[in-house]
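The residues making up each chain are set out below.
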Amino acid sequence: MAVLEEKDVMKMLEETEAVLHGHFLLTSGLHSPMYVEKFNVLQHPKYTERLCQEIARRYENDNVELVVGPMTGGILLAHEVGKALGTRAIFTERENGKMTLRRGFQIPAGTRVLVVEDIVTTGGSVKEVMEVVKEHGGELVGVGLLVDRSGGKVDFGVRTEAQRTLDVINDTMRASGLNETMTYSFADPHELERLRMSTEGMGVPVELLNPLNAEQSVMRQSIIPGLMRSVAYNQSR
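Position labels on residues start from 1 in each chain and follow its written sequence. In view of the model being predicted, local features appear only for residues whose pLDDT reaches at least 70, and side-chain atom pairs are presented and counted only at 80 or more, with totals across whole chains, interfaces and linings using the full set of residues. For the side-chain quantities, the full set of heavy atoms in the structure was used; hydrogens and water were omitted.

### Overview of the sheet that holds strand β8 (residues 160-165)
Thinking step 1. Spatial ordering of the open sheet is given by β5-β4-β3-β6-β7-β8, a layout of 6 strands whose pairing is mixed. Taken across any chain shown, the strands that pair with only one partner, and hence form the sheet edges, are β5 (98-100) and β8. Between one strand and the next, the sheet's axes are offset by a mean angle of 20°, whatever the strand orientation.
Thinking step 2. Where strand β4 (residues 88-95) lies against β5, 3 bridges are found, and the strand directions are antiparallel. When the sheet's bridge partners are listed, E93 is paired in β5 with T100.
Thinking step 3. For this analysis, residues touch if any pair of their heavy atoms sits within 4.5 Å. Lines fitted to C-alpha atoms define the axes, with helix axes restricted to the stretch in contact, and inter-axis angles between N-to-C directions lie between 0 and 180 degrees. For the purposes of this entry, the term helix denotes a DSSP run of H or I that reaches at least four residues, the term strand denotes a run of E that reaches at least two, and both are numbered from the N terminus. Running at roughly 145° to β8, helix α3 (residues 45-58) makes contact with β6 (112-120), β7 (139-148) and β8 of the sheet.
Thinking step 4. Across the sheet, helix α4 (residues 73-85) touches β3 (66-70), β4, β6 and β7, and the angle it forms with β6 is around 135°. Strand pairing is assigned whenever DSSP detects at least two bridges linking the two strands.

Right under this line is the structure:
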């Protein structure tokens, strides 16, 4: 399957007017200057199919046996992703306020399951679906999302792939006229290597041409190395 880049996803959302600007109160309780109306894009089968093919592509080598999504938008995504992967697709729904399987759907123990969802802000619905999968003995492979509004902050404990990532907090602050300032702190490159810190989401370390010393020869956006040194110092006192 051909790669669908994030800019292409955004183009689809904008062409179908799925991205709305204004002031919105999200179901999570957060306020945002941007709202993604998923059904504006999902009403177009060709776009839905293409978006779901990209989710499927990212998990095509993970031996997925079943795709599960929550009602309502998750039904469409589960069906299209399942079709692309050649697997079965089912959905969960609420019964007396609790997420569950109905309509005779089954998840045999040991089944490798991919959970899909359209829009995620706090990840509550996805976590409920994951619990249903675990209760039935399914093996969670990962989570596939259309849009991640958490800015990558929601942690499901499994591999998560999002077509488009938005940051509600940053969007709101920028819409209020505030500017974001990125700060860099001194860091030890060997310490970063020992901590096995990924460069993704934290900025690539900047190597200094004329460092103060070998232990502070790079600068990085993360403050974790400095905090770890402080903890080690305090424990040794």
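Having seen the structure, we can now continue with the description.
### Comments concerning the side chain of T87
Thinking step 1. In this fold, T87 is placed in the loop between α4 and β4.
Thinking step 2. The classification of residues rests on relative accessible area computed with a 1.4 Å probe and restricted to protein chains. Under 20% of the type maximum is buried, over 50% is exposed, and intermediate values are partly exposed. Taking the relative accessible area as the measure of exposure, T87 reaches 18% and is therefore buried.
Thinking step 3. Discounting residues that sit within four places of it in the chain, T87 has contacts with V64, E65, L66, V67 and G82.

### Some remarks on α4
Note that an α-helix has 3.6 residues per turn; residues three or four places apart therefore point the same way.
Thinking step 1. In a regular helix each residue adds 1.5 Å, so 13 residues correspond to 18 Å; α4 covers 19 Å between its end C-alpha atoms and thus fits that length.
Thinking step 2. Regarding α4, the residues found buried are G73, G74, L77, A78, E80, V81 and G82.
Thinking step 3. Residues of α4 that are buried in the fold lie against α2 (38-42), α3, β3, β4, β6 and β7.
Thinking step 4. Two residues or fewer after α4 comes G86, characterised by a positive phi angle close to 75°. What a helix is expected to span follows from its residue count: subtract one and scale by 1.5 Å.

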